[in-house]
Amino acid sequence: MARNEKEESIHIGFKETLALILPYFRKKLWEQTKSVVWVVSYLILFQLIVLRIPIKEAGIISLGIFAVILGLTFFMEGLYLGIMPLGETIGLRLPQKANLLTIMVFCLFVGIVATLAEPAISVLKQSGSAVNPWDAPLLFHLLNEGADVLFLSIAIGVGFSIVFGIIRIIYGISLSKFLVPSLIVLILITIYSFNNDNLRLISGLAWDSGVVATGSLTVPLIVALGLGVSKASRTSDTTTGFGVVTLASLFPILSVFVVGLYFAPKLPQPMSKEKFFGNGITVEQSKLMFGEKNPETLFGISEKEQNSQLSIHNKLVKIIEGILESFSGSLQAIIPLAGCLILFLYIILRESLPFTDELYLGILFVFLGLAIFNFGIFFGLSKLGSQVGNKLPSSFRSIELTDSTREIRNFNPKIVFTATDEQGKTEDFFYLKDKKSFSQIPFRDKNYDSQSEIYSYVPIHGPLFGKEDNLLGYFVALLFAFLLGYSATLAEPALSALANSVEEVTVGTVKKMVLIQAVGIGVGLGTLLGILKIFVGIPLLYILLPSYIFLVFLTLLSKPEFIDIAWDSAGVTTGPITVPLIIVLGLGIGNQLNIVDGFGILSSAAIFPVLTVLIMGLWMERSRRQSLSNIEAEEK
């Protein structure tokens with residue numbers, strides 16, 4: 001019977017609206033605070049208590065960390081409201097309303113735009129300044145003048161991985177049939193690159209790119225798309241919705257190596273700084289690396305800016321520029337992605353979404369969250385991680401605190417004394433009055449400018465736990481690395497979401513907490529090994545080759561559902577907190593120890609959770625078989 005009554009609308013005032021929204025917002029803000037505060041507290045306390053060094057620019061870093069929390073709150077809520085429902089709806093309709101060619105073109109395009117919008121990609125943009133062009137010309141080119149080509153190659157790699165991942169789901173192909181050949185190709189190309197100085201130095205970047213590409217925006221979208229297609233496909237079983245993330249972390253590695261192979265012959269080999277600036281490179285090579293800029297002027301200015309203390313006015317200008325750049329970058333990233341998804345849904349699939357208001361609100365939240373988050377990463381987490389990374393080697397070696405450089409004006413060389421030791425070795429020093437105390441400072445000729453009469457004093461710190469290169473200091477640093485990887489992983493929201501999904505689809509066979517602990521321990525071990533690689537200078541190939549051979553062996557022994565879960569665990573562990581921290585930490589340690597390539601920790605951290613989860617799966621399968629045999633024995 002038709003209803004004649006007029007539908008009543010409910011009017012809610014401003015105060016009532018705030019009363020409804022604020023408790024919900026506080027709850028979400030607290031969830032993100034819990035995920036960030038423990039890792040940040042761990043880093044701060046480690047630097048203050050263990051390394052005994054104060055935090056520089058603590059005010060700006062605090063502002064940045066608050067921006068990270070606020071940005072993540074908006075970003076994650078926007079994902080759940082807008083991007084993920086959109087992705088799952090398209091995934092459900094794709095096999096029903098589009099042919100295979102349309103599906104492939106869509107997956108390629110959405111993979112590219114989603115990766116370019118990925119927050120973690122912005123961290124790579126910041127790492128270019130940490131590389132010296134004379135030490136690693138190809139790595140420098142890819143992170144500076146060639147950065148757009150690098151990011152596009154990573155995005156294309158993710159795009160093709162989604163194409164193959166969706167085809168795999170539609171036709172019910174086992175993940176191992178894509179996985180094993182891909183790994184063999186990647187290992188072979190890594191072995192080939194090992195014999196070329198330029199290519200060897202981008203191996204860490206290539207393997208880390210695979211991890212960076214599967215971040216907080218790409219993973220939920222890929223998983224939602226994969227699960228949607230999996231539900232609509234008749235050939236899929238309950239777990240084939242997983243596995244797309246795994247391919248998305250492998251294909252970008254190959255595409256970065258391909259770009260490296262193209263540019264390597266066009267760039268010079270690594271050389272000394274003197275040779276580099278003494279006509280060591282051609283005009284074409286200079287244009288490729290620096291564009292129209294003069295490299296000598298560029299690096300002179302850069303070093304001067306780096307060593308100088310910024311005034312309050314300059315800091316404010318820098319913060320305002322950072323805010324504008326973050327919002328501009330977020331707009332450029334989200335509009336193409338959201339526009340592509342919505343247009344495809346309405347025009348190609350001819351579908352409409354329920355809850356349209358929520359969808360658009362979610363996209364607005366993702367835009368705001370990404371902008372605030374990027375600002376926070378640049379001014380908060382990156383600065384903090386870089387500081388700890390730079391200071392970490394002081395646990396086993398004496399280091400120069402270049403960020404604490406002080407200028408002593410009107411310096412008179414006549415106040416310098418000379419001391420001698422038992423072997424007759426002499427060393428110059430002088431007394432520095434600091435407030436009411438006096439301290440002895442070693443004198444270095446290179447730090448004194450006689451024209452300006454300024455002495456640049458660079459404090460020396462460490463080793464903290466014994467003599468130079470002592471084992472206890474190494475142990476403390478490696479223990480720090482394990483706990484950082486472990487605690488950062490437990491804070492990742494994507495891991496909790498994956499563990500919930502796994503417990504649900506395996507009907508409780510794989511417990512959520514067991515999976516989370518297995519993954520956390522794996523990431524901790526991988527981070528430890530990655531930092532050991534930088535400390536000792538182990539080539540990345542020596543870590544990757546045996547690990548992946550063992551992985552392939554375990555994969556062939558494991559059941560298909562555990563293969564998908566284990567390999568996707570590696571993809572979701574490296575999210576918005578872990579990636580920025582570990583990348584800047586590695587680069588900071590590399591800079592302090594004069595190691596050219598500080599990359600590779602992420603790729604190492606991504607291998608070991610796969611190992612631990614596959615081992616957990618084999619152990620659970622063995623226990624299940626043993627229980628069945630015990631029951632059969634009792635029945636007999």
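Remember, it's a predicted structure, so these values are computed and weren't measured experimentally.

## Comments concerning the confidence of the model for the protein chain
Taken residue by residue, the protein chain gives an average pLDDT of 80. The fraction at 70 or more is 89%. Long-range and interchain partners of residues 301-308, a stretch whose pLDDT sits below 50, account for one contact in this model, where long-range means more than four residues apart.

## Examining the sheet that holds strand E7 (residues 454-457)
Read from one edge of the open sheet, three strands run E2-E7-E6, paired in antiparallel fashion. Either end of the sheet is taken by a strand with one partner, and the two such strands are strand E2 (406-408) and strand E6 (448-449). Of the strand pairs in this sheet, E6 and E7 are connected by two bridges, and their pairing is antiparallel. Residue pairing across strands places Asp449 opposite Ile454, the latter belonging to E7.

## Considerations on the sheet that holds strand E5 (residues 437-442)
One open sheet accounts for three strands, arranged E3-E4-E5; its pairing is antiparallel. The strands lining the two open edges of the sheet, one partner per strand, are strand E3 (417-420) and E5. Adjacent strand axes in the sheet meet at a mean angle of 40° when their direction is disregarded. Here four bridges tie E3 to strand E4 (residues 426-434), and the two strands are oriented antiparallel to one another. Paired with Phe417 across the two strands is Phe429, which belongs to E4.

## Notes on the nonpolar core
With 179 residues, the main nonpolar core has Ile90, Phe106, Leu515, Phe535, Tyr548 and Trp567 as its most contacted residues. It is helix H2 (residues 58-97) that contributes the most residues to this core, 16 residues altogether. The contacts of Trp567, once residues within four sequence positions are left out, are Leu175, Leu179, Leu183, Thr246, Tyr548, Leu551, Thr555, Val610 and Leu614.

## As for the packing of helix H1 (residues 14-50) against helix H17 (residues 471-490)
Look at H1 against H17: their axes get within 10 Å of each other, and the N-to-C directions meet at 165°. Taken as axis vectors, H1 and H17 run roughly antiparallel relative to one another. H17 is crossed by H1, and the crossing has right-handed handedness. Between H1 and H17, the residues in contact are Val39, Tyr42, Leu43, Phe46 and Val50 and Val476, Leu479, Phe480, Leu483, Leu484, Ser487 and Ala488, respectively. Class assignment of the residues belonging to the contact of H1 with H17 gives a composition of eleven nonpolar, one polar and no charged.

## Let's talk about the packing of aromatic side chains
If you walk through the whole model with that rule in mind, you get 32 aromatic pairs. For the ring pair Phe194 and Tyr542, a centre distance of 5.7 Å and an interplane angle of 45° mean the geometry is tilted. Taken together, the positions of Phe194 in helix H7 (residues 176-194) and Tyr542 in helix H20 (residues 540-557) put the pair 348 residues apart, joining distant regions of the chain. Through pairs of rings, three or more aromatic residues link up here, namely Trp134, Phe140, Phe276, Phe277 and Phe290. Stacked on the ring of Phe194, the Lys or Arg Arg200 has its end atom at 6.0 Å from the ring centre.

Cut-offs and rules
- Residues numbered from 1 in each chain as written.
- Predicted model: local features only at pLDDT ≥ 70, side-chain atom pairs only at ≥ 80, totals over all residues.
- Heavy atoms only, no water.
- pLDDT = per-residue confidence, 0-100.
- Contact = heavy atoms within 4.5 Å.
- Pairing = 2+ DSSP bridges.
- Helix = DSSP H or I, 4+ residues; strand = E, 2+ residues; numbered from the N terminus.
- Axes fitted to C-alpha atoms, helices over the stretch in contact; angles between N-to-C directions.
- Core = buried A, V, L, I, M, F, W, Y, C linked by side-chain atoms within 4.5 Å.
- Buried < 20%, exposed > 50% of the residue type's maximum accessible area, 1.4 Å probe, protein only.
- Parallel < 35°, antiparallel > 145°, perpendicular 65-115°, else oblique.
- Left-handed = near helix turned anticlockwise from the far one by under 90°.
- Nonpolar A, V, L, I, M, F, W, Y, C, P; charged D, E, K, R; others polar.
- Phe/Tyr/Trp six-rings, centres within 6.5 Å; stacked < 30°, edge-to-face > 60°.
- Lys NZ or Arg CZ within 6 Å of the ring centre and 35° of its normal.

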